Amino acid sequence: MENVLSGAPAFPSNQSLIDIDRRHLIHPVTSFRGHEAHGARVLASGDGMWLTDIDGKRVLDAFAGLWCVNVGYGQESIVAVAAEQMRRLPYATGYFHFGSEPAILLADKLAALAPAGLDHVYFTLGGSDAVDSAIRYITHYFNAIGKPEKKQFIALEWGYHGSSSNGAGLTALANFHRGFDLPRPWQHHIASPYPYRHPDGQDDCAVVASTVAALEAKVAELGADNVAAFCCEPIQGSGGVIVPPRGWLKAIRAACDRLGILLLVDEVITGFGRTGPMFACDDEGVSPDFMTLAKGLTSGYAPMGALLMADHVYQTIADSAPAALAVGHGFTYSGHPVSAAVGLEVIRLYENGLLDNGLRAGARFAHHLARIREHPLVGDTRERGLLGAIELVSDKRTKAGFGADLDIAGRLSALTWENGVIVRCFANAVIGFAPALCCSESEMDLIFERVERSLDQLLDMPDIRRALG
Ligand SMILES: Cc1ncc(COP(=O)(O)O)c(C=O)c1O
């Protein structure tokens, strides 16, 4: 688009930008007509915990973009390394034995940071293709060891493992299945370790034991010789921030070993300080056979994900075919040097204070969540580190939710935006939080002041009051 008089580029007005968006841009996971009616909230800039939209409205981002900008916005040192890498070498393929220094150093760094045994790294562009790569390599692995019948995958209800053709079937959220012919016949789900909605939710051991029992029962039903892997998030993010009791992941690791199946831990959200330590697996001393990473890996400053592969799997695949035969899995942008340089700098920031600040902010976060539990609309709060949620109910005693006609998520999304804070409003009346690790105590206080005001305004609505038990 050009200004015909001056020859200078003509920038569209804010309103025409929103109209152009309506006409041409398909947004992820939206109702097409719903988005046309809503219109885009166009973001223009960010600084620390704050975002500014094209109308100049400043809001506190309590969701780190999409649980990814763990270092916060406006980190100049990241901009500098990205610019320098772009200038020096903007692209290097990893095919045909080529490589680049940032990709090699980042693989080395991840292998050093990750749980023991996860020594090998395949870079992707995000989380979905990391999960998809895991499915491909697991399939390849069982063919390589002469167990081609081991192809069934088990995952958790409420789990999210991205949006690739196969990964979306491991995902257990209805929107990702409906109309997409998923899950596939080899994809199965067992009940989620959801303490608030578990019959023995107060008893951590019972919650852990029930997942282990469900996994054992599913493997028995399918036949252990047919099951390839169990796949889970350490804390379920997109299902509504479901936090299993401590010890759950360790019990799952032990069960997978007993059952002779591989364990894929999806740390796309939980990685890089989100739950406190560098990885959620660290908290439980668990080393999975595969681990998927993305989001906090580059803090959203450039697209990148990674699949970490255990040495025993790597060595088996390596020995399974003649050296001249390629393992046919690859992406043009695997190990992109600019993303890798960003990743190295982001990890440097985590190690130079941000992880520690995240722990401090996490304590303040937990304090506010405990306090807000008393609100008449709040049934449950849960968190680990800087990942947490508030679950709203219409009746605290029965834990009943709200009718879909009340559109709690839509109303809360509008109220919180008006009040100057971004949170994730799930359809099942859950409010998700994932503030950046740079969050200060006063910013955390402000987040909760604004969320609480939004809850009070929701409670003041006559039809919401009538819905309360
Ligand atoms: C646990 C988990 N796995 C995979 C993905 C997919 O990642 P991406 O959106 O980068 O493809 C996500 C995204 O939210 C996720 O939360």
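Analysis parameters
- Residues numbered from 1 in each chain as written.
- Predicted model: local features only at pLDDT ≥ 70, side-chain atom pairs only at ≥ 80, totals over all residues.
- Heavy atoms only, no water.
- Helix = DSSP H or I, 4+ residues; strand = E, 2+ residues; numbered from the N terminus.
- Rg over C-alpha atoms; globule rule 2.2 N^0.38 Å.
- Buried < 20%, exposed > 50% of the residue type's maximum accessible area, 1.4 Å probe, protein only.
- Areas by Shrake-Rupley, 256 points an atom, 1.4 Å probe, with all protein chains shown as cover.
- Pairing = 2+ DSSP bridges.
- Near = heavy atom within 4 Å.
- Polar contact = N/O pair within 3.5 Å; in protein donor to acceptor, adjacent residues only side chain to side chain.
- Nonpolar A, V, L, I, M, F, W, Y, C, P; charged D, E, K, R; others polar.
- Salt bridge = Lys/Arg side-chain N within 4 Å of Asp/Glu carboxyl O.
- Expected span 1.5 Å × (residues − 1).
- Arc of directions from axis to C-beta.
- Contact = heavy atoms within 4.5 Å.
- Phe/Tyr/Trp six-rings, centres within 6.5 Å; stacked < 30°, edge-to-face > 60°.
- Lys NZ or Arg CZ within 6 Å of the ring centre and 35° of its normal.
- Patch = residues over 30% accessible without salt bridge, like charges linked within 9 Å, V, L, I, M, F, W, Y side chains within 5 Å.
- Axes fitted to C-alpha atoms, helices over the stretch in contact; angles between N-to-C directions.
- Parallel < 35°, antiparallel > 145°, perpendicular 65-115°, else oblique.
- Left-handed = near helix turned anticlockwise from the far one by under 90°.
- Domains from an automatic or database assignment.
- Buried area = accessible area lost by both parts, 1.4 Å probe.
- pLDDT = per-residue confidence, 0-100.
- Disulfide = S-S within 2.5 Å.
- Core = buried A, V, L, I, M, F, W, Y, C linked by side-chain atoms within 4.5 Å.

Here's the deal with the overall build of the protein
So, point 1. From N to C terminus, the protein includes 16 helices and 15 strands.
So, point 2. Against the 2.2 N^0.38 benchmark of 23 Å for 469 residues, the protein shows a C-alpha radius of gyration of 23 Å, consistent with a compact globule.
So, point 3. With the C-alpha coordinates of the protein rotated into their principal frame, the extents come out at 65 × 65 × 45 Å.
So, point 4. Relative to its full complement of 469 residues, the protein shows a buried share of 52%.
So, point 5. In the structure as shown, the protein presents an accessible area of about 20600 Å², 55% of it carried by carbon and sulfur atoms.

Some thoughts on the sheet that holds strand S13 (residues 421-422)
So, point 1. Sheet architecture is open: four strands sit in the order S1-S2-S3-S13, paired in mixed fashion. Each end of this open sheet is capped by a strand with a single partner; those strands are strand S1 (43-47) and S13.
So, point 2. Examined bridge by bridge, S1 and strand S2 (residues 50-53) share four bridges and lie antiparallel to one another. From the neighbouring strand, Gly-46 faces S2, where its bridge partner is Leu-51.

What to know about the site of the ligand
So, point 1. With respect to spatial proximity, the complete set of residues near the ligand consists of Gly-126, Gly-127, Ser-128, Tyr-160, His-161, Gly-162, Glu-233, Asp-266, Val-268, Ile-269 and Lys-295.
So, point 2. Lys-295 places a polar side-chain atom, nitrogen or oxygen, 3.0 Å from an oxygen atom of the ligand.
So, point 3. Alone, the ligand offers 390 Å² of accessible surface; in the complex the protein occludes 84% of this.
So, point 4. Taken together, the residues of the shell around the ligand break down into three nonpolar, five polar and three charged.

A word on the pattern of salt bridges
Side chains that differ in sign of charge can pair as their charged atoms come close.
So, point 1. Counting across every chain of the model gives 21 salt bridges.
So, point 2. Close ionic contact of Arg-453 with Glu-449 constitutes a salt bridge, the shortest N to O distance being 3.9 Å. One end of the pair is Arg-453 and the other is Glu-449, both in helix H15 (residues 441-459) and four residues apart, which spans about a single turn.
So, point 3. Note on Glu-449: relative accessible area 47%, which makes it partly exposed.
So, point 4. Here the salt bridges do not stand alone but share partners, grouping Arg-197, Arg-373, Asp-380, Arg-382 and Glu-391 into one network.

What about helix H10 (residues 248-259)?
So, point 1. Look at H10: 16 Å from first C-alpha to last across twelve residues, which is about the 16 Å you get at 1.5 Å a residue.
So, point 2. Listed as buried for H10 are Trp-248, Leu-249, Ile-252, Arg-253, Ala-255, Cys-256 and Leu-259. Around the axis of H10, the buried residues are gathered within 165° of arc, so they sit on the same side. Exposed and oriented more than 90 degrees from the buried face of H10 are Asp-257 and Arg-258.
So, point 3. Residues of H10 that are buried sit in contact with strand S5 (152-156), helix H9 (204-222), strand S7 (227-232), strand S8 (262-266) and helix H11 (280-284).
So, point 4. Positive phi shows up at Gly-260, right after H10, with a value of about 70°.

Points about the packing of aromatic side chains
So, point 1. Enumeration according to the criterion identifies 14 aromatic pairs in this entry.
So, point 2. Measuring from ring centre to ring centre gives 6.4 Å for Trp-67 and Phe-426, while their planes differ by 40°; the resulting arrangement is tilted. Pair noted here: Trp-67 is in helix H3 (residues 64-67) and Phe-426 is in the loop between strand S14 (424-425) and strand S15 (430-433), with a separation of 359 residues, a long-range link. The residues Trp-67 and Phe-426 share a single accessibility class, namely buried.
So, point 3. Positioned above the aromatic ring of Trp-417, the side-chain terminus of Lys-57 is 5.7 Å from the ring centre.

What to know about a nonpolar patch on the surface
So, point 1. Residues Tyr-91, Leu-125 and Tyr-333 make up a contiguous nonpolar surface patch of about 270 Å² in total accessible area.
So, point 2. Along the chain, Tyr-91 falls in the loop between helix H4 (76-88) and helix H5 (101-113).
So, point 3. By relative accessible area, Tyr-91 is classed as partly exposed at 30%.

Brief notes about the packing of H5 against helix H13 (residues 337-372)
So, point 1. Closest axis-to-axis distance for the H5/H13 pair is 8 Å, and the angle between their directions is 40°. Relative to H13, the element H5 is oriented oblique. Note on packing geometry: the crossing formed by H5 with H13 is left-handed. Facing Pro-102, Ala-103, Leu-105, Leu-106, Lys-109, Leu-110 and Leu-113 of H5, the residues of H13 in contact are Pro-337, Ala-340, Ala-341, Gly-343, Leu-344, Ile-347 and Glu-351.

Points about the domain arrangement of the protein
Many authors give the size of an interface as the accessible area that is lost as the parts come together.
So, point 1. What the domain assignment reports for the protein is domain 1 (31-74 + 355-467) and domain 2 (76-349).
So, point 2. The C-alpha-based centres of domain 1 and domain 2 are spaced at 27 Å.
So, point 3. Facing 34 residues of domain 1, the contacting portion of domain 2 comprises 34 residues.
So, point 4. Together domain 1 and domain 2 conceal approximately 2800 Å² of surface at their shared face, both sides included; 54% is due to carbon and sulfur atoms.

Things to note about the confidence of the model for the protein
So, point 1. Residues of the protein with pLDDT of at least 70 account for 98%, and the chain-wide mean is 96.
So, point 2. Between the elements of the protein, mean pLDDT differs from a low of 94, seen in helix H1 (residues 14-24), to a high of 99, seen in S8.

Some points on the state of the cysteines
So, point 1. Scanning the entire structure with this criterion turns up zero disulfides.
So, point 2. The closest cysteine sulfur to the non-disulfide-bonded Cys-425 is located on Cys-68, 17 Å from its own sulfur.

Overview of the nonpolar core
So, point 1. Within the largest apolar cluster, 108 residues are counted, with the highest numbers of intra-cluster contacts made by Leu-110, Leu-215, Phe-230, Tyr-350, Leu-392, Phe-433 and Ile-447.
So, point 2. Among the elements that make up this core, the one with the highest residue count is H13 (13 residues).
So, point 3. When residues are assigned to domains, this core turns out to be shared by domain 1 (31-74 + 355-467) and domain 2 (76-349), each giving three or more.
So, point 4. When sequence neighbours within four positions are dropped, the list of residues in contact with Ile-447 reads Met-49, Leu-60, Ala-62, Val-421, Phe-433, Pro-435 and Cys-439.
So, point 5. If you look at the next biggest cluster of nonpolar residues, it comprises 19 residues, including Trp-67, Val-243, Ile-422 and Val-430.

Observations regarding the pairing of strand S11 (residues 378-384)
The side chains of a regular strand alternate between the sheet's two faces.
So, point 1. Within S11, six of the seven residues are buried, which leaves the element mostly enclosed by the surrounding structure.
So, point 2. Bridge analysis of S11 against strand S12 (residues 387-392) gives six bridges, and the strand direction is antiparallel. Across the sheet, Val-378 pairs through a bridge with Leu-392, a residue of S12.
So, point 3. The antiparallel pairing of S11 with S12 creates a hairpin that spans two residues between the two strands, and Gly-385 there sits at a positive phi of about 60°.

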